[in-house]
Structures are given as structure tokens and as C-alpha cells.
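# A closer look at the structure
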Amino acid sequence: MSSTTRIRRSRRAVVAAATLGVLALGGSLALPAQTAFAGALHDAYHGALSVQAPAAVGFAGQPVAFTETITNTGTEDTSYTLLLQTTTEAGTPPHAITIDYKDPADGIWKSVPLDFYPGSDEATYNGMTGAIVVAAGKSVKLDMRIGAPMGLPHDGASNGGFHSITLASRLTVPGTGDNLGEQVSAITVDSIGSSLAHVPATAIAGGAPIEFDAVLANPTPSAYTNLGDVLFVDPHATVQVRQADGSWTTPEKVSDGIPDDKPGVYLQGRDSSIDAGKTMVTRVRVSYDATTPLGATSIDPCLFVNEGATPFRGTTTCSQGSTVKVVADPAQAPTQTPAQTPGNTPAQAPGNTPAQILGNTADKNAKPAADTTTAQVQPAADTKPAAPAAAAPVTVPAAPAPAATGAELAATGSAFDTVKAGTAAAAIAALGAGALLLARRLRRQS
């Protein structure tokens, strides 16, 4: 959406520092009327602002590009500044928003310093660009980007969240406080998600592994880095991932140091990535040793962005797992019958259900524990486990074959691949992946 505002008035005896004083007190830049900062402005200053804001950004993802165009409608070369403010829901943590611009003077990307003001009803970030010189009668299209990283690299916030960002942009002349144009833009916040497809309903203790697909979907316009795609499994289970050459690797099981918590396995390594609009399908098989307690156990997928030194502590999205019944008698193991979980029903695209993005429900604020209930995550030991080797992407068919039986499992399966977002929904539906249910956004680590 684009709009242009032009204002021309006589001088107001307010300098830019006084204008920023409103922001420093937590005042709102994004007032409903376009004339929120209107006053008596200098006759000599003329300008117009047009904003092409992004429609969406990815929650905890990389920034998304957009532009703001400054037009000098006057007869003299003029130096302008953009005042910027974001407004999000209460509970937004520090370092949740970033804004950058490419300085036309030197072509270098520069961060807009943002001041954070949390409030009981909403949270705001305020900042301004450096001076941008525009020749008389000319326009400058300013390349910009905005993101919602939800924390610093390798220090992701594990609490808070929001459904959207309101971005207010105001054009002014440094030292005057003049409002030469203002626009307010609404930006949706979408989310990545994970799910499981075609998980067999039963497995044999000490028998052949069960085989299925783990689906990682990124329908957002943000790329993701420092990403951990994790499966939490029974301590007696062994997880293997198929590689591009058809071989199977066995990633290390990682513990967070909390008694009774399940170990987790990073499917593509601890600091993996996924591009904007991609879906990745990883072929997985899980075996249970002969000492595994008989009965129901679960396999639970979670995503972690910007984990710190402690495993599983960062911006977190968990989705509904699959329940597998471990049996002793092979006759009780119909391996081609999928487990009856949401992971085997048609999927909804991640991030399309705003109520599920925040994960503020108290009983969903922890990763799955050994007894399939949830528990609050506490800081683990200071040791950092070695990250398993990342699995290499290969091209595979969009829809996998049905789960194979006992002896076939050792020789069948597909590796993982990336496909276009435009086909993501169809691919996930074909895989039978369930509607994503966000399990939690953990509290921010101190």
C-alpha cells in the first residue's frame, strides 16, 4: 500500500530535538490523523513521502526489504530525516525489532538506532535516519528493511510475541520539527512451523525402525538463520536422518540437563537455515531398543531460533507431535497404519492462525517432557553439546511413498529437499501434515 502526503506551512519554533523529546517520553508517532504533528511550519520547506511497506515479516526471521520515497517539491536542495516508530502488542521484548536503511550518500547499509518503550497496552520502538539530501524537484527512493528478530543473534527472546507491526514514518527537516509527510503502515507477522507426516502407529521394542517425514515450512518473506529443527524422543530411541547419497546418519541426542526432559535431535544441525517461502522435508527413521518401556510414547517437533549456549533456549515454536505405541510382539505392529495425531491430517499453512503464534497459554510454555506433559524449561548445565553434521539437501518427489514395513525400512525413504512456497501448502497436504499448534514461547533467559 502506498500513499503520499504533502504539507506546506509557516515556521514552527520547535527544533528536531524537541520533536524527538515526544518520542523519548514514549509519545505516539503513529497518531490516527496524518496531521498528528501539524503545526506552523517554514514556508521554504517542501516535501512529500511515499512508503511501500512490506505486507509481512517472519517472526524471529531475517529483515524484509521495502522502500520509502522522499520527494523535494521545493526549489532548493534540502536535507531531510525520516522519523520512524513501530508499535506492537504489550509483552514485546527488547531487541524485537530492527530497521535498516541504505545511505544514498555512500551506499552503505546502516541500522536505525531504536529506543524501546514497553507499556501496559502496547510497546514502541522509536528512531530516526541520518540526513538524506534530495535535490530540488527530485526524488530519492530509500532502500530499507524491517525485521522482527525477537532478540540478538544466539540470544533469542523466549517470551513475548505479537501478531502485527504498525510502522509510522514521518518526513522532517533536521532542526525544525516540520512534518512534511507522514504515513502509517500495517505489517503482518507470520511464522515458520514444523510437523510430522505418515508416522506409523506402532513400533517394536528392539525391532526395525519406523520411518516418516519431518516437514519444516517457511511461508514467510523472511529467511531464517541460526535455526534448530529438533525432534524430542524417548531416551531409548535412536534417530537417523537420510542424506543426499542415500546413507543414514545418526545425529547426537542432546540433553538440556533437566531431569525427566526428553533428549532432542537436531535434524539439520544446530545452526541451520531455510530461505523465504521454502518447505523442507527430512526423511527420518526412529528405532526403539529392547529396554524401551512398552506403551505410548511421543515424537515431538520444535523449532528454535537464535539459541544461546544452552540447548533449546531461544525463540521457540513447537507443534503437535505424534504418539507411537511401543510393543514387544511384532504381530501387534501394523507399521503401515499411521499414528492418529494432528500430524497426519491436512495441514494449515504456519502462521495463518494468529492466536497460535504467540503461545502465551500457560500450560503450553514448555517443550514436551518424558511423560508427554509439559514442564517449564530451566537453564541447563553450561556445557555445549557438539552439533551434529548438517544433512545436505537433495531433490525428491513432493509426496513420499507410504510408510514401509519392517525389513523395507532399512533400505527405503527419501532425503530432504526445498520447494517453492507456492507449492508448500499442497506438499504438506499431500504429506498429511497436521495443523500446526504452537506449544510455547518460553520466558526470556536472564
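Everything quoted here is computed from the prediction, not taken from an experiment. Within any chain, residue numbers begin from 1 and follow the written order of that chain's sequence. The predicted origin of the model limits local features to residues at a pLDDT of at least 70 and limits the giving and counting of side-chain atom pairs to 80 or more, whereas totals for whole chains, interfaces and linings rest on all residues. Neither water nor hydrogens contribute to the side-chain values; these are computed over all heavy atoms in the structure.

### Some points on the overall build of the chain
When its secondary structure is counted, the chain shows three helices and 28 strands. When contacts within the chain are restricted to residue pairs at least 6 apart in sequence, those whose partners lie at least 24 apart make up 80%. Only the protein chains shown count as covering a residue, and every accessible area follows the Shrake-Rupley method with a 1.4 Å probe. Accessible area of the chain: about 17500 Å², with a carbon and sulfur share of 55%. Strands are runs of DSSP state E lasting at least 2 residues, helices are runs of H or I lasting at least 4, and numbering of each runs from the N terminus. Only heavy atoms matter for contacts: two residues are in contact if any of them lie within 4.5 Å across the pair.

### Concerning unusual backbone geometry
The backbone of H154 shows a phi angle near 60°, a positive value even though the residue is not glycine. The residue F312 is not glycine, and still its phi comes out positive at about 65°. Looking at the element boundaries, F312 is found in the loop between β25 (295-305) and β26 (315-318). Only protein chains enter the area calculation, which uses a 1.4 Å probe; residues under 20% of their type maximum are buried, those over 50% are exposed, and those in between are partly exposed. What makes F312 buried here is its relative accessible area of 0%.

### Details of the state of the cysteines
A pair of sulfur atoms, both from cysteines and within 2.5 Å, is called a disulfide here. Inspection of the entire model under this criterion finds one disulfide. Sulfur-sulfur distance for the disulfide between C302 and C318 comes to 1.9 Å. Taking the sign of the S-S torsion, 110° for the link of C302 and C318, the bridge is right-handed. Pair noted here: C302 is in strand β25 and C318 is in strand β26, with a separation of 16 residues, a long-range link.

### Here we look at the pairing of strand β9 (residues 122-128)
A large share of β9 lies buried, amounting to five of its seven residues. Pairing of strand β5 (residues 78-89) with β9 involves seven bridges; the strand directions are antiparallel. The partner of E89 across the bridge, within β9, is E122. Pairing between strand β8 (residues 115-118) and β9: four bridges, direction antiparallel. The residue bridging F116 from the neighbouring strand is Y125, located in β9. Only when DSSP finds a minimum of two bridges between them are two strands counted as paired.

### Focus on the pattern of salt bridges
The salt bridge definition used is simple: a Lys or Arg side-chain nitrogen within 4 Å of an Asp or Glu carboxyl oxygen. As enumerated under the stated definition, the model contains seven salt bridges in all. One salt bridge connects R270 with E307, and the closest N-O pair in it is separated by 3.6 Å. Remark: E307 occurs in the loop between β25 and β26 and R270 occurs in the loop between β22 (264-266) and β23 (272-274); sequence separation between them is 37 residues. With a relative accessible area of 6%, R270 lands in the buried category. Taking the relative accessible area as the measure of exposure, E307 reaches 2% and is therefore buried.

### Structural notes on the pairing of strand β27 (residues 322-327)
Both strand β17 (residues 202-204) and β27 contribute to a ladder of three bridges, which runs parallel. Each residue of the ladder has a partner; that of T202, found in β27, is K325. Of the strand pairs in this sheet, β25 and β27 are connected by five bridges, and their pairing is antiparallel. Paired with T297 across the bridge in β27 is V324.

### Examining the environment of F59
Turning to its location among the elements, F59 is positioned in the loop between β3 (56-58) and β4 (64-71). Placed 102 residues apart in sequence, F59 and G161 show a C-alpha to C-alpha distance of 8.2 Å.

### Notes on the packing of aromatic side chains
Centres within 6.5 Å are what make two rings of Phe, Tyr or Trp a pair, Trp counting through its six-membered ring; a difference in plane orientation under 30 degrees is then read as stacked, over 60 as edge-to-face, and the rest as tilted. Applying the stated criterion to the full structure yields six aromatic pairs. Judged by centre distance (5.9 Å) and plane angle (65°), the rings of F59 and F162 are edge-to-face. Remark: F162 occurs in the loop between β13 (155-156) and β14 (164-172) and F59 occurs in the loop between β3 and β4; sequence separation between them is 103 residues. This pair shows no difference in class: F59 is buried, exactly as F162 is. A ring pair is formed by F116 and Y125, whose centres lie 4.5 Å apart and whose planes are at 20°; its orientation type is stacked. A relative accessible area of 23% places F116 in the partly exposed class. The criterion for a charge sitting over a ring is simple: Lys NZ or Arg CZ within 6 Å of the ring centre, and within 35 degrees of the ring normal. Cation over ring: R145 sits above W109, and NZ or CZ is 3.9 Å from the ring centre. Between R285 and the ring centre of W248, over which it is positioned, the NZ or CZ distance is 4.1 Å.

### Some thoughts on the environment of G156
One can find G156 in strand β13. With 157 residues separating them in the primary sequence, G156 and R313 have C-alpha atoms 7.6 Å apart.

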